[in-house]
Structures are given as C-alpha cells and as structure tokens.
Amino acid sequence: MHIVLQVVFAIVFGFAAWMATRKFLAIRRNIFLGRPENLSDQKGRRWQHMLLFALGQKKMFKKPIPAILHLFIYVSFVIVNIEVLEIIIDGVTGSHRFFAPYLGGFYTFMISMIELLSVLALIATFAFLWRRNVMKLKRLNQPELKGWPFKDANFILLMEIVLVTAILTMNATDFRLQQLGAAHYHDTGNLLIAQYTSNIFMGIGTDTLIAIERTAWWLHIIGILFFLNYIPYSKHLHIILAFPNSYYVRFSEKGKMDNMPVIMNEVKTMLDPSAQVEPIANPPKTFGAKDVTDLTWKHLMDAYSCTECGRCTAACPANITGKLLSPRKIMMDTRDRLEEVGKQIQLHGPDFSDNKSLLGDYITTEELRACTTCNACVEECPVNISPLSIILELRRYTIMEQSDAPQEWNLMFNNMENNQAPWQFNPADRLNWKDEV
Amino acid sequence: MTENLKNVPTVAELFANGESPEILFWVGCAGSFDDRAKKITGAFIRILNSIQIKFAVLGTEEGCTGDPARRAGNEFLFQMLAANNIALMNGYGIKKIVTTCPHCFNILKNEYPELGGNYEVMHHTSFLQSLIDEGKLTVQGGAFKGKRITFHDSCYLGRANQIYEAPRNVLAKLDGALTEMKSCKSKGLCCGAGGAQMWKEAEHGQKEINIERTEQALEVKPDIIASACPFCNTMMTDGVKIKNKEDEVKVFDVAELIAMANQLMA
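Computed from a prediction, not measured in an experiment: that's the story for all the values here.

1. A word on the pairing of strand 8 (residues 250-253) of chain B
Residue and element names in this part refer to chain B.
(1) Moving on: Side-chain alternation along strand 8 places Val251 and Asp253 on a buried face and Lys250 and Phe252 on a face that remains uncovered.
(2) Moving on: Direction of pairing for strand 7 (residues 224-227) relative to strand 8: parallel, over a ladder of four bridges. From the neighbouring strand, serine 227 faces strand 8, where its bridge partner is aspartate 253.

2. Points about unusual backbone geometry
Residue and element names in this part refer to chain B.
(1) Moving on: Not every positive phi belongs to a glycine, and lysine 185 is a case in point at roughly 50°.
(2) Moving on: Considering the arrangement of structural elements, one finds lysine 185 in the loop between strand 6 (177-178) and helix 9 (209-219).
(3) Moving on: Not every positive phi belongs to a glycine, and alanine 196 is a case in point at roughly 70°.
(4) Moving on: Looking at alanine 196, the relative accessible area reads 1%, which means it is buried.

3. Some details on the side chain of glutamate 111 of chain B
(1) Moving on: By the secondary structure assignment, glutamate 111 of chain B is in helix 6 (residues 102-111).
(2) Moving on: A polar contact of 2.7 Å, which involves the side chain of glutamate 111 of chain B, links it to the backbone nitrogen of methionine 257 of chain A.
(3) Moving on: In this structure glutamate 111 of chain B touches Gly255, Lys256 and Met257 of chain A together with Arg70, Arg71, Phe78 and Asn106 of chain B, once residues within four positions along its chain are discounted.

4. Brief notes about the packing of helix 10 (residues 261-271) of chain A against helix 5 (residues 75-92) of chain B
(1) Moving on: Between helix 10 of chain A and helix 5 of chain B, whose axes approach to 9 Å, the crossing angle comes to 50°. Compared by their axis directions, helix 10 of chain A and helix 5 of chain B come out oblique. The two elements helix 10 of chain A and helix 5 of chain B meet at a crossing, and its hand is right-handed. Taken together, the residues of helix 5 of chain B that come into contact with helix 10 of chain A (itself represented by Ile263, Met264, Glu266, Val267, Met270 and Leu271 of chain A) are Glu75, Phe76, Gln79, Met80, Ala83 and Asn84 of chain B.

5. Digging into the pattern of salt bridges
All names here are of chain B.
(1) Moving on: Per the stated rule, a full pass over the model turns up 40 salt bridges over all chains.
(2) Moving on: For glutamate 256, the salt bridge goes to arginine 36, with nearest N and O atoms at 2.8 Å. Highlighted residues: glutamate 256 in helix 11 (residues 254-261) and arginine 36 in helix 3 (residues 35-50), separated in sequence by 220 residues. Judged on exposure class, the residue glutamate 256 and its partner arginine 36 are both buried.

6. Concerning the packing of aromatic side chains
(1) Moving on: What the rule picks out here adds up to 26 aromatic pairs over all chains.
(2) Moving on: With centroids separated by 4.6 Å and ring planes inclined at 5°, the aromatic side chains of phenylalanine 425 of chain A and phenylalanine 33 of chain B adopt a geometry described as stacked. In this pair, phenylalanine 425 of chain A is assigned in the segment after helix 19 (407-419) and phenylalanine 33 of chain B in helix 2 (residues 28-33), connecting two distinct chains.
(3) Moving on: Taking relative accessible area as the criterion, phenylalanine 425 of chain A reaches 35% and is therefore assigned partly exposed.
(4) Moving on: Phenylalanine 33 of chain B gets classed as buried once you look at its relative accessible area, which sits at 6%.
(5) Moving on: One aromatic cluster is present, built from ring pairs that chain together Phe32, Trp47, Tyr247, Tyr248 and Trp297 of chain A.
(6) Moving on: Positioned above the aromatic ring of phenylalanine 251 of chain A is the side chain of arginine 45 of chain A, whose terminal nitrogen or guanidinium carbon lies 3.8 Å from the ring centre.
(7) Moving on: Over the face of the ring belonging to tryptophan 217 of chain A we find arginine 214 of chain A, whose NZ or CZ atom lies 4.7 Å from the ring centre.

7. Thoughts on the domain arrangement of chain B
Residue and element names in this part refer to chain B.
(1) Moving on: Parsing chain B into structural domains produces domain 1 (11-130) and domain 2 (139-261).
(2) Moving on: A separation of 23 Å is found between the C-alpha centroids of domain 1 and domain 2.
(3) Moving on: Surface buried jointly by domain 1 and domain 2 totals about 2,200 Å² across both partners, of which 69% is contributed by carbon and sulfur atoms.
(4) Moving on: Counting the surface domain 1 buries against domain 2, the share from its top three residues, Arg36, His103 and Thr125, is 24%.
(5) Moving on: Linking domain 1 with domain 2 are one salt bridge.
(6) Moving on: Those elements giving two or more residues to the side of domain 1 that touches domain 2 turn out to be helix 3, helix 4 (67-72), helix 6 and helix 7 (124-133).
(7) Moving on: In terms of residue count, the dominant contributor to the side of domain 1 that touches domain 2 is helix 3 (seven residues).

8. Focus: the interface of chain B and chain A
(1) Moving on: In this assembly, 74 residues from chain B lie in contact with 63 residues from chain A.
(2) Moving on: In total, chain B and chain A occlude about 5,900 Å² of area from one another, counting both sides; carbon and sulfur atoms represent 64% of this.
(3) Moving on: On the chain B side of the interface with chain A, the three residues burying the most area are Phe33, Phe76 and Trp199 of chain B, jointly 13% of the side's total.
(4) Moving on: Counting across the interface, chain B meets chain A through six salt bridges.
(5) Moving on: Viewed at the interface, chain A and chain B are joined by 29 residue pairs in polar contact (both at pLDDT 80 or more).
(6) Moving on: For the side of chain B that touches chain A, the secondary structure elements donating two or more residues are helix 2, helix 3, helix 4, helix 5, helix 6 and helix 9 of chain B.
(7) Moving on: Of the residues belonging to the side of chain B that touches chain A, the class tally is 29 nonpolar, 26 polar and 19 charged.

Scoring rules and cut-offs
Residues numbered from 1 in each chain as written. Chains lettered and ligands numbered in written order. Predicted model: local features only at pLDDT ≥ 70, side-chain atom pairs only at ≥ 80, totals over all residues. Heavy atoms only, no water. Buried < 20%, exposed > 50% of the residue type's maximum accessible area, 1.4 Å probe, protein only. Helix = DSSP H or I, 4+ residues; strand = E, 2+ residues; numbered from the N terminus. Pairing = 2+ DSSP bridges. Polar contact = N/O pair within 3.5 Å; in protein donor to acceptor, adjacent residues only side chain to side chain. Contact = heavy atoms within 4.5 Å. Axes fitted to C-alpha atoms, helices over the stretch in contact; angles between N-to-C directions. Parallel < 35°, antiparallel > 145°, perpendicular 65-115°, else oblique. Left-handed = near helix turned anticlockwise from the far one by under 90°. Salt bridge = Lys/Arg side-chain N within 4 Å of Asp/Glu carboxyl O. Phe/Tyr/Trp six-rings, centres within 6.5 Å; stacked < 30°, edge-to-face > 60°. Lys NZ or Arg CZ within 6 Å of the ring centre and 35° of its normal. Domains from an automatic or database assignment. Buried area = accessible area lost by both parts, 1.4 Å probe. Nonpolar A, V, L, I, M, F, W, Y, C, P; charged D, E, K, R; others polar.

The structure is reproduced here in structure tokens:
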C-alpha cells in the first residue's frame, strides 16, 4: 500500500478514535452527575448476571423471533471485530490480510464464519426493517418514537446493510483477485460465501476489481469509524452499556422501594427524641427527583442503556389501556434531558440555569399518576432498566416538594394519618369484622 | 356450617397473660374494613382455627403499613406509619407474620427491615402451602371437582416477590381444572389497583385496567377466578359485574376456596 494512504488511514483512524473517546467520556461524566448509589457488592454474582443477561441475552429469548434475528446481528457484530482489527493493522502497516499467512486454515474458517454471520445479519436487518416499516409493529410505532427516534432506528439498520454489503463485496472481489493471481492478494482458502459471490465479478479486469475491493475496504472501515461516533448519540449505545448496566443490577426484590434515610431519621427522632440515628453523609438536595441530577447514577445509566425496544411499554397496563404513560418515554426523556444538562454544563459550567427540568418540561404528572407500580416494565426489560424507580422518585417530588396530589390522594393521606387506614373508618372499629364474618 | 368467629385472640390479650403467638396474622386495612375483603379474613381465620395454631391479630393496634402512601410519593406518612407498627411489633417481640395482603406482605418483608422491623413474613398462600406440605392441613377436593379455575397473579406477590407457584400448588389441591390466562405469572397483567390507584380515579384513557384483565380471564371461560390479594379481588369482582358475568363467574381468594372445600364456611 502506498505510504500516503497509510498516513491518511492513521489520521482518519486517530481522529475518529479521539472524537469517539471525547463523547464517551462526556457520557461517563453525565452518568456521574447522578447521586451516589452503592451497587458494588457481590461481585461474583454480578459477573454471572452480566454474562447471562448481557452476553447471553437471557431476557431477549422471551420473544424467540426477534431474539434470533437480534442474535444474528449481535454475534456478527462481535465476530466482525476480528476482521476490523485486521483492517486496522493492514491500514497502518500497509499489509494485506495480515492474519492470513499466520493462521492458515483457521483464517479461512474464521473469515467464512464472518461471512456466514454477515449474511444472517443482512437477513435479520431486512426483517427488522420490515417489522418496523411494513408490518408496523405497535411497539415500534408508538407516539414517543415520532421524529428522530424512528429515523435513528432505520438509519442504524441501513448502516448495517452498508457495512455488511461492504464486507461481502470486499471478500468477493478479493477472492476473484486471488483467482486472477493479482499481486498482494494471497490465498485465503475457499471462503464460504466469497467462493460463490466472486462469480458476480467474472469478466471484470484486475484494475477495476482492485478499485472495487479497495473502495469496499475503505467504505467498511470508514463506516465502522463513523458508526463508532454515531453510537453515543443513538439508541444503539445499548451495544456497549448493556454490559455495565447488567453488571450493576439492583439485586433487591423488585417490590422493594428505595428507602429515604433522611426522612426515616427525622421521623424516628420526632417520635422518640432520644432515638439514636446514623447521620447521613450526602443528604439529597430535594425529597424525590425534579431533574436528572436528583436521580442516582444508575437511573442515568439506565437511560443511556435503553434501546427503545418498547417491551416495557407493550407490557404496561396503563399504556395498554390508553393512558399517557409509556415507560419507554420515561427513559427517553431522562436521556434527552441528561444530554441537554450535559451540554449546558459544557457551555456554562456546573452552575448553569436553564429553568427547565425533567419533571414538567419532559415528563408530566399525568404520566406519573397513571403508574400502578406493577413492575411489568421492569420485568420485561432485556437490559435490567427500571423505569418504575424513576417514576417513583418523580412522584415523591410532586407529593413532598410540590404538594401536588389528586384530591382523592389527599383524602387518603388524611385518613391514613388520622385513622391509620386509607379509608375513613374509626381505628377503634378495626376489629369489628370478627363479629361480621 | 359457618360459625361465628369466637376465637380471634389479640396479641395484647396474649401479652397480658405473659404469652406470645406463634404467628401474627396481619389483617391489613382491606381485610379489616372492606366488606368483600373481610370475608377473606374470616376464611383465613377459620383455617387457622381448624389447624390449632397459636395465632393472634393486633386488632385495633394495627395500622396501615403505609404502602399506598409510599407508592403515591408520601414518604413522611409512610415512615410515620411504619415506625408506629415497628415499635408496636418489636415491643411485643413478634417473630413471624402471615398476611392475606400482598402489599402488606411486600412492605413488611422487604421494606421494614431497614427501618428496624425484622420479622419472618409469609403471604398466606405460601403459608397454606407449607401447612399442606407439612401435613397439617388436608384439603378436601370434592366441592370443586371439575370446576374451571384461573388464577390471577397479584403483581406484589408475583413480579415483586417471585411467588408464582405457591397459590397454584394450593389451588391444585381442589381437584379443579386449573387454566392459565394468556398473560400469567411474570407476564400477568395488573388489576389496576396498585400504586395507590385504588384510591383515585384512573387517569384519562380508553379503558379501565380491570376490564382489560377481566376480559383476559373470561377468555379462558372459568367458573372461578382465584385471587390472592384483596385489591385484585375487588377489581376482578367489579370487572366481572361490569361484564354481566357475575352469575356464571365467581371471584374468590385462595383462602376462601380452601375454607369452602373444607366446609369451614359456606
């Protein structure tokens, strides 16, 4: 390869890597804008959980058809990185198919596997486009996906088609060039798909073939580098964050709500002034959450991990019956607001003020009040996101900081306070049932 | 052969005699005040009396666990109610609690410990299963032979605490035909009452959640919809009424079905 191209490659690669690193670090910083939450215990169990749910995609297989299609794309993505590694080495050193002479027959097998999975991924990609745009599956066409999220989803699928087509073209022309005995195109063995697809390029001259092969090669690597930079702005970020998000799962029973130690201590000392309470190291600024910075880092990582598949919303009893609440929208809103806060911090520093907040500007009380806390959304999520936990934190803010409750709830609170029951009964009558039943 | 409940000891009475109960039956607000849920309480008491276990209730000393307040967002109110209950139960040295309400069960089991209330907490369906497994309770199947029974999972028992099999195992003893709805167990659809929805009008939408769930239940053409939660029971009973099916389809708690099978109540 010409030295100029090697330099161009190194510059393109370096620039793409630098840009992507910057954005990923910004995301990391944004996640840590959240309040502390300790999820560092039980390391062995966490690794196991991550292997099962992120690597093993256990939850995905509750819906077998999308699970298998998704598996094709996922495995092909993982394995194609071996070829990407080779492309990078070739690009920088000027070699061609660097691994081929060292690996021999295993190289043939490996590239054949990549080809097979690429074809399967291509089929899956078309199937996904079909489900989204032709079948118009309900969960892939709900209101919160209008505009950018819908385009984002289709763009990712189109990008995948471009990348897979590039790799298949590259191999097919390479194989044909080997047959023609072109210089530098050394023997890769009989590649599973290329040995047939190379026939498409019969009758084309060596120079043209080399041009096609090189174009496909550049298209593939530039596509990958572009994708790397696109991912952090897209729902596709789940391919990375699914792993840490599954590792930092909350192991407590789904029914357990987070305690608020500040209020617990206040109530304890109010009821018994001599009570000994543990002081709180980092008391939250507000009761419950108004904005993303009132949530914990796990809530924020949840938001970045969401790939907007909508299994949560499809299972949500409120959404099914036509209420405004969509758990997926809760996650999308949290991410959008967090990105906005991140930008403001970059522009105006950490003490910026834009007079906006997650509650009110993104998520309304009507949505929050429709939740039955049934945990269906949490149960469904393939990457262990809890929209419910965010909903409950926002509810806490509406009740305790804004005193904004439906009239019936205020009545219920009064009853609970005065009668120790949510209905208006005299507590002295609490045992009357024994004479009635 | 329904008899009046003569024997409902309170923890205070036992305590006054220097005794303490083997189990505390946590009745809950619905079980104490709601007319439909009181029947579930009665059924469970009759089962407890039939197995000669030393139990007691807190009676007028019991207060709401605070579940609807906490889920609505009122942490102060929850903490107040919880602190009172914990002080009371710790004062009595309560070790083991059984409750007929999954919301009480969840909060007592999962949320009271970090507030200083540590007890062994069981939902009554798990308790009934353990009684059957230990041979302390035998269920006479005859009354429900051949009846189609479908079990509606309570969110706070199922997804919240992974208890799916205990109520089904108990129901299996009735010799009926257990049929599952299209969404059951971890996919069970909520009845619509949780998260303090019980005490407010639903938000604007196209349908009530309990109607959606009742329709799912009616699809399997059951004779009986079995529930394990007083709130689910109310929602499903209302749903069946609105669908004009109350003559053909009855909604019963697991405890009621066992009490009826053993002729402890009509």
